[in-house]
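# Examining the three-dimensional arrangement
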Amino acid sequence: TRAWRLVLMLLAVLALTSPAAAQDFPKFTGLVVDQANVLPADVKARIEARLQEVQQKTKRQLVVATLADLQDRPIDDYSLAMFRAWGMA
């Protein structure tokens, strides 16, 4: 119906204009997300292996992320929004 289409269009506009949608977060690609490209491959592999061990032993997930840009946000705000976007918070 026309009312449902209007509601869906309104929800789409709200989703696209929300602060989280405006952020450009790196994709969650694994336990080490090196968006800033500062980790040599061997170092990244060692960190990933250690994080896998921690996850297996503790049943908790720890992620290391390097970022190229915080997009003018405090690191705690950015990281919380990023982890929410990744479905981790």
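You'll find the structure just up there.
Here's what I pulled together on the structure shown here. These numbers come from a predicted model, not from an experiment. (Residues numbered from 1 in each chain as written. Predicted model: local features only at pLDDT ≥ 70, side-chain atom pairs only at ≥ 80, totals over all residues. Heavy atoms only, no water.)

### Observations regarding the overall build of the chain
- Secondary structure summary: the chain contains four helices and two strands in total.
- What you see in the chain, going N to C, is helices and strands ordered as α-α-β-α-β-α.
- For the chain, the exposed area adds up to about 6,900 Å²; of that, 60% sits on carbon and sulfur atoms. (Helix = DSSP H or I, 4+ residues; strand = E, 2+ residues; numbered from the N terminus. Areas by Shrake-Rupley, 256 points an atom, 1.4 Å probe, with all protein chains shown as cover.)

### Let's talk about the pattern of salt bridges
- In this structure the tally under the stated criterion is two salt bridges.
- Residue D42 is joined to R46 by a salt bridge in which the shortest nitrogen-to-oxygen separation is 3.5 Å. In this pair, D42 and R46 are both assigned in helix α3 (residues 41–58), four residues apart and thus about one turn of the helix distant.
- Between R50 and E53 there is a salt bridge; the shortest N-O distance is 3.1 Å. Of the two residues, R50 and E53 both sit in helix α3, three residues apart, roughly one turn of that helix. (Salt bridge = Lys/Arg side-chain N within 4 Å of Asp/Glu carboxyl O.)

### Focus on helix α4 (residues 75–85)
- Taken together, the buried positions of α4 are Y78, A81 and M82. Down the axis, α4 shows its buried residues gathered within 100° of arc, on one side only. Counted as exposed and oriented over 90 degrees from the buried face of α4: D76 and R84.
- In the core, the buried residues of α4 are packed alongside β2 (64–66).
- Where α4 ends, the next residue or the one after it, G87, has phi of about 80°, a positive value. (Buried < 20%, exposed > 50% of the residue type's maximum accessible area, 1.4 Å probe, protein only. Arc of directions from axis to C-beta. Contact = heavy atoms within 4.5 Å.)

### Quick notes on the environment of K59
- The topology assignment puts K59 in the loop between α3 and β2.
- Using a relative accessible area of 70% as the deciding quantity, one classes K59 as exposed.
- For K59, the side chain forms a polar contact with the main-chain oxygen of Q56, separated by 3.2 Å. (Polar contact = N/O pair within 3.5 Å; in protein donor to acceptor, adjacent residues only side chain to side chain.)

### Things to note about the nonpolar core
- The biggest cluster of nonpolar side chains holds ten residues, and these are F25, L31, V32, V33, L51, V63, Y78, A81, M82 and W86.
- When contributions to this core are tallied by element, the ones reaching two or more residues are β1 (32–34) and α4.
- Ranked by residue count, the leading element in this core is α4, at three residues.
- Apart from residues no more than four positions distant in its own chain, W86 is found in contact with P26, K27, F28, V33, V63 and A65. (Core = buried A, V, L, I, M, F, W, Y, C linked by side-chain atoms within 4.5 Å.)

### Quick look at α3
- For α3, with 18 residues, the first-to-last C-alpha span of 26 Å sits near the 26 Å given by 1.5 Å per residue.
- Once α3 ends, the next one or two residues include K59, with phi positive near 65°. (Expected span 1.5 Å × (residues − 1).)

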